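# Coordinate analysis (summary)
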Amino acid sequence: MFLLTKHGKFDELTYASCVARKFADEIKKNHTVITVEDPEPRTANLVIKKYNPDVIWWVGHGNPNTTTLKDVTVWIQAPEYNTDILDGAIACAMSCLTAKVLGKYVTTNKKCKYYVGYNDVIWFNWCNDERYFNCACSGRNPYQIRPELWKKIIECVFDANLYFIKGLAEGKSVEDAYKMCHDRYSYWIDYFNNVETEGEHEFAVVRVTVWSLKHDRDALRLLGGGVVSAGVNVKTYRKTITIYENQEVDFGILDAEKDLRKNIYVTWDTNKTRIVDAKLRAYWYSDNSAVCCDVYWNNNKVIKMYCGTVATGACNISKEADISGILNNGENRVKIATYKCPCWYPYPPNFHTKISLYLDLVYQGVEPSGKSSSSIKSEIENKLSKYKNILIIATGVVGGIVVLKGLKKR
């Protein structure tokens, strides 16, 4: 479905709609396409409810939590104004700033499957001249620019955006269609960077066009996930980061120095990767009863395991926790505390526990990176750095000789 808005404050929305109409005509060859001319919010709602489209494209003014249609009339506004209207659909909004709040809200709190939008204002060229009120997509302009070049200047920003719809119509996955859209922006940037201009007017407008394309491409965002209909396959990937494997855990009291501690670094580019799910899996072994094992993620106790007082042999316990809401893009702190219940002191001899701990990530887009480092090692390195000057002096006087000897031997 294409909501082809024309009139916002002036006829500035006609520019995107006339390009969208060309895409709609092409897509009609293989798909059912509904176009709505210059819709008011009420009209848009009625048509969407009637046809229940899989994909909705529209152009309208916007701010972080609002998008509008004809005459800048509010159509959808987060948190709760008409936000259900995109449920079940893939949405593509040619609307400034809406990826900041609105797109996130309808894909997280509502049932919009995917939302393509912008986290900044959208820039494009238009005539703003009464003599050329119909210059959108027509090639006519008041700026002494060749008509065919002007036509490309006018259409390129919207053409790139609509490549997302084109990709879906060709049966691409949502992610691949989004990549087509992003690549189309890059195509136009390369084209205008290499086009031969005639005169200062063409040169100036072409440079502005390149700036606009780069800005809009960098503001483009893909939000959402889940099962998508209309033959569009959602690609999700899995990555497991091993934190501990059969690691001996010394027992002690709560917050004892013997607790295991690690820093886990998980990083991803939010423009290219979406973390769909993050779970922590723990496998714990204890050869004695009345023992507890707690796992902390960023100071939150997320897993509790207990080998009961009636246990007659070794305990093997496995548990998992959803840590999606407390997973940092960057450093994460893990702590494992194993301890005997206070009423069962003193500890028996030859008491052992072992832990295996894994972080499972489900993601879309580019694979996130993950690594771990010992907190103890980091603390030692920090302490050593305080004595950096002393160590350099000592190395120069004494240690340097040892190092040189070592090098000769090798």
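So, here is what we can say about the structure in this document. (Residues numbered from 1 in each chain as written. Predicted model: local features only at pLDDT ≥ 70, side-chain atom pairs only at ≥ 80, totals over all residues. Heavy atoms only, no water.)

The next subject is the sheet that holds strand β15 (residues 315-322). Pairing is antiparallel across the open sheet formed by four strands, whose spatial order is β10-β17-β12-β15. Each end of this open sheet is capped by a strand with a single partner; those strands are β10 (237-248) and β15. Pairwise comparison of adjacent strand axes, ignoring direction, gives a mean angle of 15 degrees for this sheet. Across 13 bridges, strand β12 (residues 273-286) lies against strand β17 (residues 353-365) in antiparallel orientation. Across the sheet, Arg-281 pairs through a bridge with Tyr-358, a residue of β17. (Pairing = 2+ DSSP bridges. Helix = DSSP H or I, 4+ residues; strand = E, 2+ residues; numbered from the N terminus. Axes fitted to C-alpha atoms, helices over the stretch in contact; angles between N-to-C directions.)

Right, let's talk about helix α6 (residues 199-219) for a bit. Between its first and last C-alpha, α6 extends 31 Å over 21 residues, near the 30 Å set by a 1.5 Å rise per residue. Looking only at α6, the buried set comprises Glu-202, Val-205, Val-206, Thr-209, Val-210, Ser-212, Leu-213, His-215, Asp-216, Arg-217 and Ala-219. (Expected span 1.5 Å × (residues − 1). Buried < 20%, exposed > 50% of the residue type's maximum accessible area, 1.4 Å probe, protein only.)

What follows concerns the sheet that holds strand β4 (residues 62-63). Reading across the sheet, the three strands line up as β4-β5-β6 and stay open at both edges, with antiparallel pairing between neighbours. Every interior strand has two partners, whereas the edge strands, β4 and β6 (74-77), have only one.

Before going further, it helps to spend a moment on helix α1 (residues 14-27). An ideal rise of 1.5 Å per residue puts 20 Å on 14 residues; α1 measures up with 20 Å between its terminal C-alpha atoms. The elements touched by buried residues of α1 are β1 (2-4), β2 (35-37), β3 (55-59), β7 (90-94) and α4 (147-169). (Contact = heavy atoms within 4.5 Å.)

The biggest cluster of nonpolar side chains holds 57 residues, and the ones touching the most others in it are Phe-2, Trp-57, Met-94, Phe-164, Ile-165 and Phe-192. Where this core is concerned, the elements lending two or more residues are β1, α1, β3, β7, β8 (114-118), α4, α5 (174-194) and α6. Examining the composition of this core, we find that 13 residues originate from one element, α4, more than from any other. With residues up to four places along the chain from it excluded, the contact list for Phe-192 reads Leu-149, Lys-152, Ile-153, Cys-156, Val-206, Arg-207, Thr-209, Val-210 and Leu-213. In terms of nonpolar packing, the next biggest core, distinct from the first, is built from 31 residues, Ile-264, Val-291, Cys-307 and Ala-321 among them. (Core = buried A, V, L, I, M, F, W, Y, C linked by side-chain atoms within 4.5 Å.)

The subject of this paragraph is the pattern of salt bridges. It is possible for side chains bearing opposite charge to pair when their charged atoms get close. In total, this model carries 21 salt bridges according to the counting rule given. Its salt-bridge partner being Lys-29, residue Glu-26 comes within 3.1 Å of it at the nearest N-O pair. Measuring nitrogen to oxygen at the nearest pair gives 3.3 Å for the salt bridge that ties Lys-301 to Asp-294. Connected through salt bridges with shared partners, the residues Lys-6, Arg-21 and Glu-37 form a single ionic network. (Salt bridge = Lys/Arg side-chain N within 4 Å of Asp/Glu carboxyl O.)

Structurally, a disulfide amounts to a covalent bond that connects the sulfur atoms of two cysteines. Applying the stated criterion to the full structure yields three disulfides. With its sulfur 1.8 Å from that of its partner, Cys-18 forms a disulfide with Cys-137. Between Cys-18 and Cys-137, the S-S torsion sits near 65 degrees, and that sign places the bridge as right-handed. Taken together, the residues span a long stretch of sequence, with Cys-18 in helix α1 and Cys-137 in the loop between β8 and α4 at a distance of 119 residues. Each member of the pair, Cys-18 together with Cys-137, is buried. Across the disulfide, Cys-127 is cross-linked to Cys-135 (sulfur-sulfur distance 1.9 Å). The disulfide joining Cys-127 to Cys-135 has a torsion of about 130 degrees about its S-S bond and is therefore right-handed. Here the bonded cysteines of the protein chain are numbered in sequence order, and their pairing is 1-4, 2-3, 5-6. (Disulfide = S-S within 2.5 Å.)

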